[in-house]
Amino acid sequence: MNNKAQALTLEGVTAALLLLLVLYTLFQSSLVISPVWSELGDAQLKQIGYDTLRVLDRDESYNDSLKYMLYHLNKTDPEYPKPNEEFINSLETLLTSSIRYRLEVSWTNITGNSTLRNFNFIENLVLINNTPTPDAVMVSRLVVLDNRSLTPSSPFMPNLDNVTSSYPIVVEVRLILWAV
Amino acid sequence: MGSLNLRLIKDEKGQVLIIFSLLIATVIASLSILHAQNLLAGVESSRALMVFPKEDIRNLKQIAKNELPDYIVFEDDLNKQIEMIYALRGAYGSVKKVYEEYNYYKIRVLFSNSEVEYVDTFIVRK
């Protein structure tokens, strides 16, 4: 009996399988490479930061909200510019103890009156001054404050004459995070 | 000697081997091109995913939906401040009213930086 043909068939099948396997491996091998660019840094840390800011950006009736904290910053306060305790507690709970942070705010210096406003420059204030390590990441969130809810000694108070209706003040809250 | 030469020339098995090795070399070359492309596609898509400023866009949309209707008289002032703050980071963002009816505003959110340009128009109830 001649068994040569069977061997050839088996070899053919093996070769086909081998080729299919190689092709499948190749198409599946699209690498998802975790970012190494300095601008991206630690993507997970950034996401935690954004989530934290989003959770804290809620109604100002909550004492630990971003808005409550910003409305209650007061230049005459002896602890100025330290944020209120409830806010710091919530922030540190959300960030967990393995993450250190620095907190800054920026806003536009505005002067003028009801018909003409000048947007002069960006003012900065460091609320919690820790020194970041080189691998720190920055996240930020814009919060809109109402000038009528600000106290006269608030750092965000614009110098406006004759503006009686609600005037928006945009404040950028920047959270710089690094792992320890 | 002469008969040996003649025998080598007559043996055509070597040519078949060369043809097959060429074939296999071509296959390997094309597969390696595929592999390189897969690698690039993987790197590019993961980078695009990471760089996309989704949090900034969400933030702007939230301002457009919750804050802008309250300050519609000072729409330009609100935008000027947003522009100045984003300009510090080399980006541009704005939330503008493009159309108004008695019960709703049509608002356009725009965000652009060196990587992404995003525009979205939606309706917000008064």
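Structure first, text after, so check above.
Residues numbered from 1 in each chain as written. Chains lettered and ligands numbered in written order. Predicted model: local features only at pLDDT ≥ 70, side-chain atom pairs only at ≥ 80, totals over all residues.

A.B. asks: Mind showing me how you'd approach the overall build of chain B here?
C.D. replies: Of the regular secondary structure elements, chain B holds four helices and three strands. When the helices and strands of chain B are listed from N to C terminus, the series reads α-α-α-α-β-β-β. Of all 126 residues assigned to chain B, the portion counted as buried reaches 14%. Nonlocal contacts in chain B, meaning residues at least 24 apart in sequence, comprise 35% of its contacts between residues at least 6 apart. (Helix = DSSP H or I, 4+ residues; strand = E, 2+ residues; numbered from the N terminus. Buried ≥ 20, exposed ≤ 12 C-beta atoms within 10 Å, placed from the backbone. Contact = placed C-beta atoms within 7 Å.)

A.B. asks: Is there a simple way to think about the overall build of chain A in this case?
C.D. replies: A tally of regular secondary structure across chain A gives four helices and five strands. Written out in order from the N terminus, the α and β elements of chain A read α-α-α-α-β-β-β-β-β. Taking 16 Å as the expected radius of gyration for a compact globule of 180 residues, we find that chain A reaches 28 Å, considerably beyond that expectation. Structurally, chain A occupies a C-alpha span of about 110 × 40 × 30 Å along its principal axes. Looking at chain A as a whole, 23% of its 180 residues are labelled buried. (Rg over C-alpha atoms; globule rule 2.2 N^0.38 Å.)

A.B. asks: Quick question: what am I supposed to make of the interface of chain B and chain A here?
C.D. replies: It is common to give the size of an interface as the accessible area lost on bringing the parts into contact. Contacts between the two partners involve 27 residues from chain B and, on the opposite side, 25 residues from chain A. Looking at the side of chain B that touches chain A, the elements with two or more residues in it are helix H2 (13–51), helix H3 (54–67) and helix H4 (75–87) of chain B. Of all the elements, H2(B) adds the most residues to the side of chain B that touches chain A, at 11 residues.

A.B. asks: Which parts of the structure should I look at to understand the sheet that holds strand S1 (residues 92–100) of chain B?
C.D. replies: Two pairing modes exist for strands in a sheet, parallel and antiparallel, and in both the strands are linked by backbone hydrogen bonds. Residues and elements named next belong to chain B. Pairing in this open sheet of three strands is antiparallel, and the strands run S1-S2-S3 from one edge to the other. The open sheet has two free edges, formed respectively by S1 and strand S3 (117–125), since each of these has just one partner strand. For this sheet, the mean angle separating the axes of adjacent strands, direction not counted, is 20°. (Pairing = 2+ DSSP bridges. Axes fitted to C-alpha atoms, helices over the stretch in contact; angles between N-to-C directions.)

A.B. asks: Where do I start with the packing of helix H2 (residues 43–56) of chain A against helix H4 (residues 85–95) of chain A in this structure?
C.D. replies: The axes of two packed helices give the description: the angle between them and the distance between them. Residues and elements named next belong to chain A. Two elements in contact, H2 and H4, have axes whose closest approach is 10 Å; the angle formed by their N-to-C orientations is 145°. In terms of crossing hand, the pair formed by H2 and H4 is right-handed. Residues Ile48, Thr52, Val55 and Leu56 of H2 lie in contact with H4, whose contacting residues are Ser90, Leu91, Leu94 and Leu95. Of the residues in the contact of H2 with H4, the class split is six nonpolar, two polar and no charged. (Left-handed = near helix turned anticlockwise from the far one by under 90°. Nonpolar A, V, L, I, M, F, W, Y, C, P; charged D, E, K, R; others polar.)

A.B. asks: It is not clear to me how H3(B) should be interpreted in this structure. Could you clarify?
C.D. replies: An α-helical turn contains 3.6 residues, so a residue and the one three or four places further along point in the same direction. Taking 1.5 Å as the rise per residue, H3(B) with 14 residues should run 20 Å; its terminal C-alpha atoms sit 19 Å apart, in good agreement. Buried within H3(B) are the following residues: Asp56(B), Asn59(B), Leu60(B), Ile63(B) and Ala64(B). Each buried residue of H3(B) lies within a common arc of 135° when the element is viewed along its axis, so the set occupies one face. Contacts made by the buried residues of H3(B) are with strand S3 (137–146) of chain A together with S1, strand S2 (104–112) and S3 of chain B. (Expected span 1.5 Å × (residues − 1). Arc of directions from axis to C-beta.)

A.B. asks: Would you take a moment to explain the nonpolar core for this structure?
C.D. replies: As a rule of thumb, nonpolar side chains are buried together in soluble globular proteins. Of all hydrophobic cores here, the largest spans 38 residues; its most connected members are Leu70(A), Val170(A) and Val171(A). When residues of this core are assigned to their parent elements, the largest contribution, seven residues, is made by strand S5 (residues 168–179) of chain A. Residue contacts for Val170(A): discarding those within four places in its chain leaves Trp107(A), Thr108(A), Leu142(A), Val144(A), Leu78(B), Gln81(B), Ile82(B) and Ile85(B). (Core = buried A, V, L, I, M, F, W, Y, C linked by C-beta atoms within 7 Å.)

A.B. asks: Help me out: how do you make sense of the environment of Thr115(A) in this one?
C.D. replies: Residue and element names in this part refer to chain A. Structurally, Thr115 is set in the loop between strand S1 (99–113) and strand S2 (117–128). Accessibility expressed as a C-beta count within 10 Å gives 8 for Thr115, which makes it exposed. Thr115 sits 90 residues away from Thr25 along the chain, and the two C-alpha atoms are 67 Å apart.

A.B. asks: I tried to follow unusual backbone geometry on my own but got confused; where do I start?
C.D. replies: Where the residue is not glycine, phi is negative for most of them; where a peptide bond is considered, it is trans in most cases. Residue and element names in this part refer to chain A. Cis geometry is adopted by the peptide bond preceding Pro81, which originates at Tyr80 and carries an omega value of 5°. Structurally, the position occupied by Pro81 is in the loop between helix H3 (66–71) and H4. Backbone geometry places Thr96, a non-glycine residue, at a positive phi of 65°. Inspection of the secondary structure assignment puts Thr96 in the loop between H4 and S1. By C-beta crowding, Thr96 is classed as exposed, having 10 other C-beta atoms within 10 Å. One non-glycine residue, Asn162, lies in positive phi territory at about 60°.

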